[in-house]
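# Residue-level structure breakdown
Read off the chains here:
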Amino acid sequence: MSAALPARVDVARQVQARRKFEGTLPLASFSRLRGSLASTEGDVRYEAEFGRDDMGSPFLALHVEAGLPLVCQRTLDAFVLPVTIDQRLGLIADEAGEAGLPPGHEPLLVPDGDISIADVIEDELILALPVVPLKPGEPLEWKDPADRESEEKPPSPFAVLGELRKH
């Protein structure tokens with residue numbers, strides 16, 4: 001079942017009902033992420049599904065796709081970084097519950113019993129940001145333009161005359 005994304009959800013009810021939410025959210029709606037972006041144009045597609053795994057552990061499975069507009073720190077050009085997140089979050093009430101999570105589940109602390117799915121999506125997008133955004137295809141090492149000029153200089157046409165003069 002698919003439904004619009006409410007502001008907050010009761011985790012226990014969503015897990016019991018095995019609810020699934022899917023849709024899009026504008027990048028502009030993510031207040032904490034906005035400061036890291038070159039622009040807030042674009043949308044984030046998401047699927048959020050609550051359930052229990054074979055061991056009975058409650059989880060939130062997230063699938064998120066977005067194009068994040070960033071500024072390349074080498075060229076200062078804007079570019080769009082495609083991001084795809086597939087994450088299974090084990091829902092725990094306290095930190096002690098982390099030890100009981102099955103492999104492959106990242107812990108998501110839910111002490112009050114309710115969460116904002118949009119906030120969880122924003123957290124995952126922030127974690128997906130590169131520490132230093134670099135436009136794909138840009139060289140990784142920086143070269144001083146003066147060094148590049150000396151490397152790229154063609155030989156002088158008068159070099160041949162200099163060789164003839166030596167003879």
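Before any of the text, the structure's been laid out above.
Bear in mind that the values here come from a model prediction, so they are computed numbers and not experimental data.

Across its full length, the protein chain holds five helices and eight strands. Reading the helices (α) and strands (β) of the protein chain from amino to carboxyl end gives β-β-α-β-α-β-β-β-β-β-α-α-α. For the protein chain, the proportion of its 167 residues judged to be buried stands at 31%. Considering only residue pairs separated by 6 or more positions, the protein chain has 54% of its internal contacts joining residues 24 or more positions apart. As presented, the protein chain carries roughly 10700 Å² of accessible surface, and 52% of it is formed by carbon and sulfur atoms.

The next thing to look at is the side chain of Glu124. With respect to the helices and strands, Glu124 occurs in helix α3 (residues 117–128). The buried charged residue Glu124 lacks any salt bridge, with Arg32 as its nearest oppositely charged partner at 10.0 Å. Beyond its immediate sequence surroundings of up to four residues, Glu124 is in contact with Leu62, Ile85, Gln87 and Leu89.

One finds Phe50, Leu60, Leu68, Ile115, Ile121 and Leu125 to be the most contacted residues of the largest nonpolar core, which totals 34 residues. At the level of elements, α1 (11–17), β3 (20–26), β4 (43–52), β5 (58–71), β6 (78–92) and α3 are the ones that each hand at least two residues to this core. With residues up to four places along the chain from it excluded, the contact list for Ile115 reads Ala7, Arg8, Val9, Val11, Phe50, Leu60, Leu108, Val110 and Val120.

Attention now moves to unusual backbone geometry. We note that Arg18 has phi near 50 degrees; this positive angle belongs to a residue other than glycine. By the secondary structure assignment, Arg18 is in the loop between α1 and β3. Taking the relative accessible area as the measure of exposure, Arg18 reaches 47% and is therefore partly exposed. Of note, Leu76 is a non-glycine position whose phi angle comes to about 65 degrees, a positive value. Within the secondary structure, Leu76 is located in the loop between β5 and β6. On the basis of relative accessibility, which here comes to 63%, the residue Leu76 falls in the exposed class.

Take the pairing of β4 next. The pairing of β3 with β4 spans seven bridges and is antiparallel. In the strand pairing of β4, Thr24 is matched with Arg45. Sheet topology note: the β4/β5 ladder contains nine bridges and is antiparallel. Its bridge partner being in β5, Glu47 is matched across the sheet by His63.

On the surface, Asp94, Glu95, Glu98 and Glu106 cluster together into a negatively charged patch. Residue placement: Glu98 occurs in the loop between β6 and β7 (106–109).

Taking 1.5 Å per residue, twelve residues should reach 16 Å; α3 reaches 17 Å between its end C-alpha atoms and fits that length. Among all positions in α3, only Ile117, Val120, Ile121, Glu122, Glu124 and Leu125 are buried.

Quick notes on the rules
Residues numbered from 1 in each chain as written. Predicted model: local features only at pLDDT ≥ 70, side-chain atom pairs only at ≥ 80, totals over all residues. Heavy atoms only, no water. Helix = DSSP H or I, 4+ residues; strand = E, 2+ residues; numbered from the N terminus. Buried < 20%, exposed > 50% of the residue type's maximum accessible area, 1.4 Å probe, protein only. Contact = heavy atoms within 4.5 Å. Areas by Shrake-Rupley, 256 points an atom, 1.4 Å probe, with all protein chains shown as cover. Lys, Arg positive; Asp, Glu negative; His and termini not counted. Salt bridge = Lys/Arg side-chain N within 4 Å of Asp/Glu carboxyl O. Core = buried A, V, L, I, M, F, W, Y, C linked by side-chain atoms within 4.5 Å. Pairing = 2+ DSSP bridges. Patch = residues over 30% accessible without salt bridge, like charges linked within 9 Å, V, L, I, M, F, W, Y side chains within 5 Å. Charge placed at Lys NZ, Arg CZ, Asp CG, Glu CD. Expected span 1.5 Å × (residues − 1).

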